[in-house]
Amino acid sequence: MKVHEYQAKQLFARYGIPIPQGEVARSPEEAKAIAQRLGKPVAVKAQVLVGGRGKAGGIKVAQTPEDAKQAAAQILGMSIKGLRVEKVLVEEALNIACEYYLGIIVDRSRKRPVMMVSAMGGVDIEEVAEKHPDAIARCFIDPLLGLMDFQARQTAYAARLDSPVLRDFVAMARRLYRLFTECDATLAEINPLVVTADGKLIAADAKLLIDDNSLFRQTEIASWREETEEDPLEARARQLGLAYVRLQGEVGIIGNGAGLTMTTLDVVQRAGAAPANFLDIGGGARAEIVRNGLQLILSDPQVKGVLINIFGGITRCDEVAKGILQALEGMEVRVPIVVRLTGTREEEGRALLEGTPLIPAATMQEAAEKIVALIRQGA
């Protein structure tokens with residue numbers, strides 16, 4: 001689950017991480033009133049759950065309250081990557097001396113959190129990693145011991161941060177790690193972490209991703225979820241209880257089991273196309289789950305073909321076949337669908353699909369090659 005910048009900063013403040021003074025406005029008049037209360041130049045920042053706000057014109061600096069009103073009028077209602085801006089954060093503009101990067105994520109290969117620090121803040125960390133990989137210092141954190149002071153200092157030295165801010169940086173890194181663990185985050189990021197002209201460290205921006213599986217105990221954060229800010233297909237999938245992630249490709253994918261589904265994505269990629277989604281119907285999926293999943297994928301306008309890859313263990317292939325047929329009832333399907341069924345009751349499943357427009361495949365590789373070829377023919 002993503003949270004807005006202003007919500008992340010509320011949590012930062014609770015953990016003692018310095019943030020700029022500011023408030024949220026939902027109208028130009030509110031933005032002007034906030035700027036008047038702050039009594040200094042402000043930054044007016046669009047609050048949407050996507051990156052690239054600055055490049056899209058969603059962040060403006062205002063010198064006066066009237067300027068803040070005009071900036072908010074320009075930003076409110078604009079669309080950034082398909083999301084409408086409904087509110088802005090109006091906060092004091094900082095006198096910036098330099099910008100750093102500080103972030104913590106989960107490294108699944110190491111099975112522990114990793115803290116990343118760079119003196120090249122204000123730039124997407126992916127861009128820094130690609131163009132200047134040596135500019136990022138990493139610290140792998142033992143989840144039992146937590147982040148130690150000496151580790152934070154060593155990482156700051158490795159990132160070539162200025163010595164005068166090291167003490168404050170260590171304290172901030174420890175607080176960010178505490179927030180990361182206690183809020184069940186999968187990402188906690190400050191970019192930029194600003195050093196002001198008077199030598200103070202302030203989190204000028206804040207990004208938090210919370211593990212969806214923890215929301216039953218993160219009740220306050222869960223209450224912040226805004227479905228209007230989510231991808232509509234992902235929101236619909238969550239309502240249906242489906243493990244679905246929308247991607248940017250053209251091949252709709254249905255698999256059972258995360259490993260098999262991820263492998264299917266890779267095989268489609270190797271066959272020359274890009275997956276449009278990740279959809280794991282899980283073990284023991286009933287016909288209703290399959291039907292809901294297929295209907296969801298077919299509602300995606302970017303999908304030009306569907307690959308259903310089922311290995312029947314707990315999942316019965318005949319139940320999957322029933323779900324496919326139920327999903328297609330009354331629907332005008334204009335894209336090819338390739339189905340690979342193997343395992344428990346595969347013969348019964350294949351028999352149910354005989355005489356339909358569905359294209360069978362014996363192996364995963366064959367299924368991927370078939371769906372890619374069919375999409376290319378229809379292009």
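In case you missed it, the structure is sitting above this.
The structure displayed is predicted, hence computed values, not measured ones.

What is the right way to look at the side chain of T315 in this model?
Summarising the element assignment, T315 is placed in the loop between β16 (305–312) and α11 (317–328). A distance of 3.4 Å separates a polar atom in the side chain of T315 from a polar atom in the side chain of N256. Reaching out from T315, the side chain makes a polar contact with the backbone oxygen of G282 at a distance of 3.4 Å.

Please explain the nonpolar core as it appears in this structure.
Side chains of nonpolar character tend, in soluble globular proteins, to be buried together. The biggest cluster of nonpolar side chains holds 44 residues, and the ones touching the most others in it are F12, L102, M115, F169, I190 and L208. By residue number, the principal contributor to this core is helix α6 (residues 166–182), which donates nine residues. Ignoring any residue separated from it by four or fewer positions in sequence, one finds F12 in contact with I17, I19, L176, L179, E189, I190, A203, D205, A206 and L208. Counting 27 residues, the second largest nonpolar core, distinct from the first, contains V290, I297, I310 and V339.

Would you take a moment to explain the environment of V303 for this structure?
Among the secondary structure elements, V303 is positioned in the loop between α10 (287–298) and β16. For V303 and A276, which are 27 residues apart along the polypeptide, the C-alpha to C-alpha distance reads 6.3 Å. Not counting chain neighbours up to four residues away, the residues in contact with V303 comprise E250, G252, A276, I297 and V335.

Help me understand the side chain of D300 in this model?
Looking at where D300 falls in the secondary structure, it is placed in the loop between α10 and β16. Not counting residues up to four positions away in its chain, the partners in contact with D300 are L233, Y244, R246 and A276.

Explain helix α2 (residues 28–38) here, please?
Because each turn of an α-helix spans 3.6 residues, side chains separated by three or four positions in sequence point in the same direction. Within the span of α2, buried status applies to A31, I34, A35 and L38. Seen end-on, α2 carries its buried residues on one side only, within an arc spanning 100°. Where α2 is buried, its residues contact β1 (22–25), β2 (42–46), α3 (65–75) and β6 (88–92). Looking one or two residues past α2, G39 carries a phi angle of roughly 70°, positive in sign.

Is there a simple way to think about the environment of G293 in this case?
Turning to its location among the elements, G293 is positioned in helix α10. Along the sequence, G293 and R108 sit 185 residues apart, while their C-alpha atoms lie 28 Å from each other.

Where do I start with the packing of aromatic side chains in this structure?
Centre distance and the angle of the planes are the two values used to describe a pair of aromatic rings. According to the stated counting rule, one finds one aromatic pair in the structure shown. Between Y177 and F180, the aromatic rings sit 6.3 Å apart at their centres with planes inclined by 20°, giving stacked as the arrangement. Linking Y177 with F180, this pair stays in helix α6, spanning three residues, or about one helical turn. R110 extends its terminal NZ or CZ atom over the ring of F140, reaching a point 3.9 Å from the ring centre.

Would you explain unusual backbone geometry in this entry?
Across residues other than glycine, the phi torsion is negative in most instances, and most of the peptide bonds are trans. Of the consecutive residues N191 and P192, the connecting peptide bond is found in the cis state with omega at 10°. For P192, the position within the fold is in strand β10 (residues 185–196). With phi around 65°, R160 is a residue other than glycine that occupies positive phi space. Within the secondary structure layout, R160 lies in the loop between α5 (149–158) and α6. For R160, a relative accessible area of 64% translates into the label exposed. One non-glycine residue, R345, adopts positive backbone phi at about 60°. Mapping R345 onto the fold places it in the loop between β17 (337–343) and α12 (346–353).

Looking at this structure, I do not really get the pattern of salt bridges. What am I missing?
It is possible for side chains of opposite charge to pair when their charged atoms get near one another. Scanning all chains against the criterion turns up 25 salt bridges. The closest approach of N and O atoms between D318 and R345, which form a salt bridge, is 3.6 Å. With a gap of 27 residues between them, D318 in helix α11 and R345 in the loop between β17 and α12 connect regions that are remote in the sequence. Looking at D318, the relative accessible area reads 5%, which means it is buried. Judged by its relative accessible area of 37%, R345 is partly exposed. Note that E366 is salt-bridged to K370, the shortest N-O span being 3.1 Å. Highlighted residues: E366 and K370, both in helix α13 (residues 364–378), separated by four residues, approximately one helical turn. A network of salt bridges, in which partner residues are shared, links E5, K9, K45, R53, E91 and D205.

What counts, and at which threshold
- Residues numbered from 1 in each chain as written.
- Predicted model: local features only at pLDDT ≥ 70, side-chain atom pairs only at ≥ 80, totals over all residues.
- Heavy atoms only, no water.
- Helix = DSSP H or I, 4+ residues; strand = E, 2+ residues; numbered from the N terminus.
- Polar contact = N/O pair within 3.5 Å; in protein donor to acceptor, adjacent residues only side chain to side chain.
- Core = buried A, V, L, I, M, F, W, Y, C linked by side-chain atoms within 4.5 Å.
- Buried < 20%, exposed > 50% of the residue type's maximum accessible area, 1.4 Å probe, protein only.
- Contact = heavy atoms within 4.5 Å.
- Arc of directions from axis to C-beta.
- Phe/Tyr/Trp six-rings, centres within 6.5 Å; stacked < 30°, edge-to-face > 60°.
- Lys NZ or Arg CZ within 6 Å of the ring centre and 35° of its normal.
- Salt bridge = Lys/Arg side-chain N within 4 Å of Asp/Glu carboxyl O.

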